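Structural overview
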Amino acid sequence: MSIWKITPTLEQLAARSQNTMVPHLGIEFTEVGPDYISARMPVDARTLQPLGLLHGGASAALAETLGSVAGNLCVDPQTKFCVGLEINANHVRAARRGWVTGVVRPIHLGGSTQVWEIRITDEQQRLVCISRLTLAVLDRPQP
């Protein structure tokens, strides 16, 4: 059973991310499942820190992107929207090149808050970062 109020295509996710940080970092949505979304991000000059490792802020940006997109797909877009309240990211392994892939899954989908887990792995499926994102579910202003 799907958790999504709206099930988007990968093309729709990419289109709604235009003119944001998402394409600047090279983030590409790769899959939408019944209770998860995945996206990948290059480990390159856009996402490295000075020591040549994946920047923790880039991992957090991938995590927040996935969680925010997922959260907003779980609410009625005519009446509600979600914004980030808190993000936690534990960086457990360095990535130096290639791609990392994030997968977001819900922990809690409430009426006023949502909590999401985002696991970021390298190309060998090794855990690079695990993140938890809490979103506020807010009422959309009515005209």
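Below or above, wherever it landed, is the structure these notes cover.

**A short note on the pairing of strand β4 (residues 99-109)**
Across six bridges, the pairing between strand β2 (residues 37-42) and β4 is antiparallel. Bridge assignment links Met41 to a residue of β4, and that residue is Val100. With eight bridges connecting them, β4 and strand β5 (residues 113-121) associate as antiparallel partners. Residue Gly102 lies in a different strand from β5, and its bridge partner there is Ile120.

**Quick word on the pattern of salt bridges**
The full count for this structure, using the stated rule, is four salt bridges. Residues Arg46 and Asp44 are paired through a salt bridge, measuring 2.7 Å at the closest nitrogen-oxygen approach. The shortest N-O distance in the salt bridge between Arg126 and Asp122 comes to 2.8 Å. The class of Asp122 is buried, set by a relative accessible area of 7%.

Quick notes on the rules
- For every chain, the first residue of the written sequence is number 1, and numbering continues from 1 along that sequence.
- The predicted nature of this model means local features are confined to residues of pLDDT at least 70 and side-chain atom pairs, given and counted, to a pLDDT of 80 or more, with totals for whole chains, interfaces and linings taken over all residues.
- As a rule here, side-chain values come from all non-hydrogen atoms in the structure, and water together with hydrogens is ignored.
- In this description, strands pair whenever DSSP reports at least two bridges between them.
- Under the scheme used here, helices are H or I runs from DSSP no shorter than 4 residues and strands are E runs no shorter than 2 residues, and both carry numbers assigned from the N terminus.
- Basic side-chain nitrogens of Lys or Arg form a salt bridge, by our definition, when they fall within 4 Å of a carboxyl oxygen of Asp or Glu.
- Note on classification: 1.4 Å probe, protein chains only; a residue is buried when its accessible area is under 20% of the maximum for its type, exposed when over 50%, partly exposed between these limits.

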